[in-house]
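A structural walkthrough
Below, each chain spelled out in residue letters.
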Amino acid sequence: MTNLINVRPMLRTDLPAIAPVLEATGLFPSAMLADMAAPFLDDAAPHIWLVATIGGRLCGFAYCEPERATQGTFNLLAIAVAPGDQGQGMGSTLVASLEARLRTDAARVLIVETSALDEYADSRAFYLARGFSEEARIRDFYDEGEHKVVFWKHL
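What this report covers is the structure whose coordinates are included nearby. No experiment lies behind these values; they were computed from the predicted model shown.

Glancing now at the pairing of strand β2 (residues 48-54). Most of β2 is tucked away, with seven of its seven residues classed as buried. Residues I48, L50, A52 and I54 point to one face of β2 and W49, V51 and T53 to the other, with burial holding for every one of them. Looking at chain direction, strand β1 (residues 5-9) and β2 are connected through five bridges and run antiparallel. Residue pairing for β2: P9 is matched across the bridge by L50.

Pasting the structure below:
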């Protein structure tokens with residue numbers, strides 16, 4: 001990629017630019033975004049939202065929060081890159097930036113979960129290629145026949 005990927009904390013003014021990324025990727029309904037981001041934007045919870053931009057254009061984001069009842073374990077709940085920007089290192093840059101931020105905050109472990117369905121094979125390969133290991137499969141979690149796959153990484 002010839003343009004530099006910039007990763008920074010999300011701002012309230014980024015919400016309108018994140019919505020099309022959500023709509024294009026189908027990660028979750030964009031109508032949920034404002035409520036999900038509010039604790040971070042209001043500095044009311046230790047959540048982390050990062051956005052990735054190229055030339056000032058928002059292309060992706062990542063969101064994680066501490067896992068309840070743990071010491072230093074965070075859960076990567078969402079990561080998305082606009083379809084036209086996928087395959088150019090944006091997701092890897094977001095994950096690396098998130099991990100660096102978590103290490104600064106003395107986090108120990110980062111987990112992420114996804115579906116075991118074939119259509120999520122690329123997501124599972126993405127996490128494995130970034131040093132995560134498959135830690136667990138929970139059968140029939142999302143639906144009958146749709147297992148949850150949990151990935152783990154020591155920071």
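Having put the structure on the table, let's press on.
Turning to its location among the elements, T114 is positioned in strand β5 (residues 109-115). By relative accessible area, which is 9% here, T114 ends up buried. Among residues more than four places away in sequence, those in contact with T114 are Y120, S123, R124, Y142, H147, K148, V149 and F151.

What counts, and at which threshold
- Residues numbered from 1 in each chain as written.
- Predicted model: local features only at pLDDT ≥ 70, side-chain atom pairs only at ≥ 80, totals over all residues.
- Heavy atoms only, no water.
- Buried < 20%, exposed > 50% of the residue type's maximum accessible area, 1.4 Å probe, protein only.
- Helix = DSSP H or I, 4+ residues; strand = E, 2+ residues; numbered from the N terminus.
- Pairing = 2+ DSSP bridges.
- Contact = heavy atoms within 4.5 Å.

Geometric values such as these leave the question of function open.
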